[in-house]
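Report on the structure
Residues per chain are reported as follows:
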Amino acid sequence: MSTKDFIEKDFYKVLGVPKDATEAEIKKAYRKLAREFHPDANKGNTRAEERFKEISEANDVLGDPKKRKEYDDARALFGNGGFRPGPGAGGGQFNFDLGDLFGGAGGAGGAQSGSFGGGLGDVFGGLFNRGGPGTGTTRTQPRRGQDVDTEVTLSFTEAIEGATVPLRMTSQAPCKACSGTGDKNGTPRVCPTCVGTGQVARGSGGGFSLTDPCPDCKGRGLIAEHPCAECSGSGRAKSSRTMQVRIPAGVTDGQRIRLRGKGAPGERGGPAGDLYVTVHVGEHKVFGRKGDNLTVTVPVTFTEAALGGEVRVPTLGGSPVTLKLPPGTPNGRTMRARGKGAARKDGSHGDLLITVEVSVPKDLSGKARDALEAYREATADEDPRAELFEAAKGE
């Protein structure tokens with residue numbers, strides 16, 4: 001992403017959320033859009049693929065509190081891509097390169113940079129992982145690997161208890177044929193256009209310059225005199241690997257897990273990127289879920305509900321619990337078995353919510369029918385719908 005793109009792109013608009021959206025609202029919007037435009041669900045749809053990339057890019061910034069603050073600060077300072085002079089600036093034109101601001105230039109001629117408290121390096125450094133003119137750093141130094149997104153589908157039980165799953169990853173890695181140099185002889189030269197920085201300045205018409213990736217070296221800062229046949233001089237090639245990934249207990253459907261350092265390998269000794277795993281959870285035949293609580297519906301007989309009694313209830317992966325029904329338990333009542341739900345981050349567990357469902361027999365024996373007839377005669381004077389009709393006479 002170029003500096004200009006970073007300043008001008010409205011990531012809030014991309015995700016369809018307001019600027020004061022909470023982290024939960026941003027996460028919810030991203031999950032919804034990611035599912036809708038994911039390449040797996042839109043085979044051959046290039047527009048959907050581009051939209052998915054935009055959504056992922058926006059979430060990468062807004063989903064990280066530190067990056068979001070940096071983005072908001074930059075947008076507030078530069079507005080829609082234009083620098084806003086402060087009080088006392090006068091009507092004169094500013095002639096400076098944003099590279100000085102990004103790199104925090106000081107020393108001679110530092111009157112301008114000093115007014116900004118040493119530059120904007122802290123704002124942009126974490127997002128672009130690069131230095132700028134005057135910083136003494138270039139793109140020929142070690143570079144961090146890219147982040148990688150993938151998905152995994154777990155069974156209901158695996159999501160509750162946690163699981164170790166194999167994930168086959170395909171990402172960009174240093175080309176093995178040229179050791180990531182891009183040159184078949186392993187001796188690339190510094191790009192003369194950008195002098196090894198990987199960036200070129202471009203005037204914006206507003207009296208200052210913006211930086212873009214160098215078109216000659218594609219932002220690498222190096223040019224291969226003898227391009228490697230395997231990577232065409234890029235120094236990067238597709239690499240596939242399978243790793244065992246531990247999914248923690250208690251994950252929910254749609255949750256996005258970040259695994260630090262498990263993404264694409266870095267370049268020239270740089271650190272690896274991060275791996276983001278979106279989890280999909282299957283349904284269970286018996287149990288459901290509400291947050292950290294599990295749910296189950298348990299059928300009981302009419303006599304158990306009317307007279308009370310003890311009912312055995314299954315738990316997920318554990319021993320059954322005994323539920324004590326008080327006399328007169330109504331149909332649909334929900335009771336709680338504490339600590340029998342999903343695991344939480346602090347090591348505790350949610351509860352098992354047990355809903356009682358009175359079971360009505362389809363077939364009755366002669367003895368059972370006689371008993372119910374006798375019960376009906378004994379309760380003939382009781383009308384459970386009397387209050388209903390009385391209430392219907394009112395408003």
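Treat the numbers as computed from the prediction; the structure is a model and nothing was measured.

The rules behind the values
- Residues numbered from 1 in each chain as written.
- Predicted model: local features only at pLDDT ≥ 70, side-chain atom pairs only at ≥ 80, totals over all residues.
- Heavy atoms only, no water.
- Helix = DSSP H or I, 4+ residues; strand = E, 2+ residues; numbered from the N terminus.
- Buried < 20%, exposed > 50% of the residue type's maximum accessible area, 1.4 Å probe, protein only.
- Contact = heavy atoms within 4.5 Å.
- Areas by Shrake-Rupley, 256 points an atom, 1.4 Å probe, with all protein chains shown as cover.
- UniProt positions renumbered as here; feature names shortened; annotations may be inferred.
- Phe/Tyr/Trp six-rings, centres within 6.5 Å; stacked < 30°, edge-to-face > 60°.
- Polar contact = N/O pair within 3.5 Å; in protein donor to acceptor, adjacent residues only side chain to side chain.
- pLDDT = per-residue confidence, 0-100.
- Axes fitted to C-alpha atoms, helices over the stretch in contact; angles between N-to-C directions.
- Parallel < 35°, antiparallel > 145°, perpendicular 65-115°, else oblique.
- Left-handed = near helix turned anticlockwise from the far one by under 90°.
- Nonpolar A, V, L, I, M, F, W, Y, C, P; charged D, E, K, R; others polar.
- Pairing = 2+ DSSP bridges.

1. Considerations on the overall build of the chain
A tally of regular secondary structure across the chain gives twelve helices and 16 strands. Within the chain, the proportion of its 395 residues that are buried is 37%. Counting contacts in the chain only where the partners sit at least 6 residues apart, residues at least 24 apart contribute 64% of the total. Split by element, the accessible area of the chain, about 23100 Å² in all, is 50% carbon and sulfur.

2. Remarks on the UniProt feature "binding site: Zn(2+) 2" (unreviewed entry) in the chain
Look at the UniProt record and you will see "binding site: Zn(2+) 2" (unreviewed entry) annotated at C191, C194, C214 and C217. The greatest C-alpha distance among the residues just named is 9.0 Å, despite their covering 27 residues of sequence, which places them together in space. Counting through the fold element by element, C191 comes out in the loop between β4 (189-190) and β5 (199-203). Setting aside residues no more than four positions away along its own chain, C191 makes contact with G196, C214, D216, C217, G221, L222 and I223. Within the element layout of this structure, C194 appears in the loop between β4 and β5. Excluding residues that lie within four positions of it along the chain, C194 makes contacts with Q199, V200, C214, C217 and G221.

3. Focus: the packing of aromatic side chains
What describes a pair of aromatic rings is the distance from one ring centre to the other and the angle between the planes of the rings. With the rule as written, the count across this model stands at three aromatic pairs. Ring geometry for F11 and Y71: centres 4.8 Å apart, planes at 35°, overall tilted. Residue F11 is located in helix α2 (residues 11-15), and its partner Y71 is located in helix α5 (residues 65-78); the two are separated by 60 residues in the primary sequence. Comparing F11 with Y71 shows no difference in burial state: the two are buried. Here F302 and Y375 contribute two aromatic rings whose centre-to-centre distance is 5.9 Å and whose plane-to-plane angle is 70°, an arrangement assigned as edge-to-face. Of this pair, F302 sits in helix α10 (residues 302-307) while Y375 sits in helix α11 (residues 366-378), and the two are 73 residues apart along the sequence.

4. Overview of the environment of C231
If you trace the backbone, C231 turns up in the loop between β7 (222-223) and β8 (236-247). Taking the relative accessible area as the measure of exposure, C231 reaches 7% and is therefore buried. Along the chain, C231 and P174 lie 57 residues apart, while their C-alpha atoms are 9.2 Å from each other. The contact partners of C231, leaving out residues within four places of it in the chain, are C175, C178, G182 and R236.

5. Brief notes about the side chain of N42
Its location among the elements puts N42 in the loop between α3 (23-37) and α4 (46-62). In terms of polar contacts, N42 uses its side chain to reach the backbone carbonyl oxygen of H38, at 2.9 Å. Excluding its chain neighbours within four sequence positions, the residues that come into contact with N42 are E36, F37 and A48.

6. A word on the confidence of the model for the chain
Per-residue confidence for the chain averages 78 on the pLDDT scale, and 78% of its residues sit at or above 70. Mean pLDDT values for the elements of the chain range from 36 in helix α7 (residues 111-114) up to 96 in strand β12 (residues 293-300). When the criterion is pLDDT under 50, residues 80-139 qualifies, and its contacts beyond four places in sequence or with other chains add up to 93 contacts.

7. Concerning the packing of α3 against α4
Viewed as axis vectors pointing N to C, α3 and α4 meet at an angle of 160°, and their least axial separation amounts to 9 Å. Judged on the interaxial angle alone, α4 and α3 are roughly antiparallel. Crossing angle aside, the handedness with which α3 passes α4 is left-handed. Of α4, the residues touching α3 (which contributes I26, Y30, L33, A34 and F37) are A48, R51, F52, I55, S56, N59 and L62. Its residues placed into classes, the contact of α3 with α4 shows nine nonpolar, two polar and one charged.

8. Description of the sheet that holds β12
Two pairing modes exist for strands in a sheet, parallel and antiparallel, and in both the strands are linked by backbone hydrogen bonds. Strand order in this open sheet of four strands is β11-β12-β16-β15, and the pairing throughout is mixed. Among the strands making up the open sheet, the edge pair consists of β11 (288-290) and β15 (334-337). Each neighbouring strand pair of the sheet contributes to a mean axis angle of 35°, computed without reference to strand direction. As paired elements, β11 and β12 share three bridges and run antiparallel to each other. Within β12, the position partnered with K290 by the bridge is N293.

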